[in-house]
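Each chain, letter by letter, is given below.
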Amino acid sequence: MGTQGRLKQFAAVQTAKTFLKILPHISEQRLLRFPIVRRGLEAVSYYPEGKEFLQSLLLHGRRAIGRCSKNCLAKFAENLIVNEFIAANPKRKEFRSRYGFDPPFLMVLSPSMRCNLNCYGCYAGQYPKGEELETEVIHRVLREGKEMGIYFVTISGGEPFIRPDLLDIFETHGDMFFQVYTNGTLIDESLAKRLSRLGNVLPAISVEGWEEETDVRRGPGAFQRILSTMARLREEGVLFGFS
């Protein structure tokens, strides 16, 4: 990227950061009229689900943004809003021109099918546990994704945080944004603090409903452990959701 490109990138990131800071204080109608939002929505207009995802993320994330740590806010602005929805457009256009179809809007990656829980009906239980993606394979797939203009990655499993190298992978690809589907039980204080330092990871914690429904499927005490995890993430200013 040349000097002019870096300046444009810097200006876009600063605009996105400013936008996110005022996001909790503006109406939904005004939010969707912001130039940076319109540009992002137009960039993925070829992919209706992606457009709907971005709009929903902004509308429903307004309150959470207000408690977000400085680093998480910066990564949300740069990696997701700018890299994924704006800066990646030339790569997507080049891909479309070369191959005649649009590249994926995101990728889903399952680094491991292992899990520390045994939830009734979980599809992950049907997969072999002895085989995992090698670390270098994961790095290669993520690099190739960026070459196509993909900067948003959903991590599934199994329980992703069972892999000791997962956060190192996130750190290596610090220009991407990762949504991690997790049962939440392995996110202790140390892991929550590192997620806050990384800033480019949004855990989506699985729950079945209230305590009774969750504990029936996930095991006694699972719901309270999930609540404790949410409290730790909130304390560290990490954006999170549930699934």
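Use the structure listed above.
Just so it is clear, the model here is predicted, and its values are computed rather than measured.

Quick look at the overall build of the protein
Next up, step 1: For the protein, the count of helices and strands is 12 helices and 5 strands.
Next up, step 2: For 243 residues, the compact-globule estimate of 2.2 N^0.38 gives 18 Å, and the protein sits close to it at 18 Å.
Next up, step 3: Residue pairs at least 24 apart in sequence account for 72% of intrachain contacts in the protein once pairs closer than 6 positions are excluded.
Next up, step 4: Total accessible area computed for the protein in this model is approximately 12,800 Å², and 53% of it derives from carbon and sulfur atoms.

Details of helix α7 (residues 89-99)
Next up, step 1: Every buried residue of α7 is listed here: Asn89, Arg92 and Phe95. Summarising the axial view, the buried residues of α7 lie within an arc of 125°, below the 170-degree limit, and thus occupy one face. Of the exposed residues in α7, those oriented more than 90 degrees away from the buried face are Pro90, Lys93, Ser97 and Arg98.
Next up, step 2: Just past α7, the residue glycine 100 takes up positive phi, approximately 85°.

Overview of the nonpolar core
Next up, step 1: Counting residues in hydrophobic clusters, the biggest one holds 59 residues, and the most contacted among them are Leu142, Phe170 and Leu195.
Next up, step 2: If you tally residues by element for this core, the top one is helix α6 (residues 70-87), at 9 residues.
Next up, step 3: Setting aside anything within four residues of it in sequence, one finds leucine 142 in contact with Met107, Leu109, Val153, Ile169, His173, Met176 and Phe178.

Remarks on the pairing of strand β2 (residues 152-155)
Next up, step 1: Judged by which residues are buried, β2 turns out to be covered on both faces: Phe152 and Thr154 on one side and Val153 and Ile155 on the other are all buried.
Next up, step 2: The sheet contact formed by strand β1 (residues 107-109) and β2 spans 3 bridges and is parallel. Counted as the bridge partner of methionine 107 is valine 153 from β2.
Next up, step 3: Taken together, β2, helix α9 (residues 166-172) and strand β3 (residues 177-182) form a β-α-β motif whose crossover is right-handed.

Concerning the packing of aromatic side chains
Next up, step 1: Per the counting criterion, the structure on display carries 6 aromatic pairs.
Next up, step 2: Summarising the aromatic geometry, the rings of phenylalanine 95 and phenylalanine 101 are spaced 5.4 Å apart at their centres and angled 85° between planes, so their arrangement reads as edge-to-face.
Next up, step 3: Among the residues examined, phenylalanine 101 registers a relative accessible area of 48% and is labelled partly exposed.
Next up, step 4: Aromatic pair phenylalanine 170 and phenylalanine 178: ring centres 4.5 Å apart, planes at 35°, arrangement tilted. Summarising the burial analysis for this pair, phenylalanine 170 and phenylalanine 178 share the class buried.
Next up, step 5: Clustering of aromatic rings is evident, with ring pairs tying together Phe95, Tyr99 and Phe101.

Observations regarding the packing of helix α11 (residues 211-218) against helix α12 (residues 222-235)
Next up, step 1: Relative orientation of the contacting elements α11 and α12 amounts to 110°, with a least axis distance of 7 Å. Between α11 and α12, the interaxial angle falls into the category roughly perpendicular. Residues Glu211, Thr214, Asp215 and Arg218 of α11 form the contact with α12, whose own contacting residues are Ala222, Phe223, Gln224 and Ile226.
Next up, step 2: Class assignment of the residues belonging to the contact of α11 with α12 gives a composition of 3 nonpolar, 2 polar and 3 charged.

Side note on the packing of α7 against helix α8 (residues 135-148)
Next up, step 1: Viewed as axis vectors pointing N to C, α7 and α8 meet at an angle of 85°, and their least axial separation amounts to 7 Å. Between α7 and α8, the angle is such that the two are roughly perpendicular. The residues of α8 that touch α7, namely those facing Lys91, Arg92 and Phe95, are Lys146, Glu147 and Met148.
Next up, step 2: Broken down by class, the residue content of the contact of α7 with α8 amounts to 2 nonpolar, no polar and 4 charged.

A look at the pattern of salt bridges
Next up, step 1: Tallying each qualifying case throughout the model produces 14 salt bridges.
Next up, step 2: The salt bridge involving glutamate 136 is made with arginine 143; its shortest N-O contact spans 2.9 Å.
Next up, step 3: Classification of glutamate 136 by relative accessible area gives partly exposed; the value is 46%.
Next up, step 4: The salt bridge partner of aspartate 175 is lysine 146, with a shortest N-O separation of 3.0 Å. Here aspartate 175, found in the loop between α9 and β3, pairs with lysine 146, found in helix α8; they are 29 residues apart in sequence, far enough to count as distant.
Next up, step 5: Taking relative accessible area as the criterion, aspartate 175 reaches 29% and is therefore assigned partly exposed.
Next up, step 6: Judged by its relative accessible area of 13%, lysine 146 falls in the buried class.

Criteria and cut-off values
Residues numbered from 1 in each chain as written. Predicted model: local features only at pLDDT ≥ 70, side-chain atom pairs only at ≥ 80, totals over all residues. Heavy atoms only, no water. Helix = DSSP H or I, 4+ residues; strand = E, 2+ residues; numbered from the N terminus. Rg over C-alpha atoms; globule rule 2.2 N^0.38 Å. Contact = heavy atoms within 4.5 Å. Areas by Shrake-Rupley, 256 points an atom, 1.4 Å probe, with all protein chains shown as cover. Buried < 20%, exposed > 50% of the residue type's maximum accessible area, 1.4 Å probe, protein only. Arc of directions from axis to C-beta. Core = buried A, V, L, I, M, F, W, Y, C linked by side-chain atoms within 4.5 Å. Pairing = 2+ DSSP bridges. Right-handed = clockwise from strand over helix to strand, strands pointing away. Phe/Tyr/Trp six-rings, centres within 6.5 Å; stacked < 30°, edge-to-face > 60°. Axes fitted to C-alpha atoms, helices over the stretch in contact; angles between N-to-C directions. Parallel < 35°, antiparallel > 145°, perpendicular 65-115°, else oblique. Nonpolar A, V, L, I, M, F, W, Y, C, P; charged D, E, K, R; others polar. Salt bridge = Lys/Arg side-chain N within 4 Å of Asp/Glu carboxyl O.

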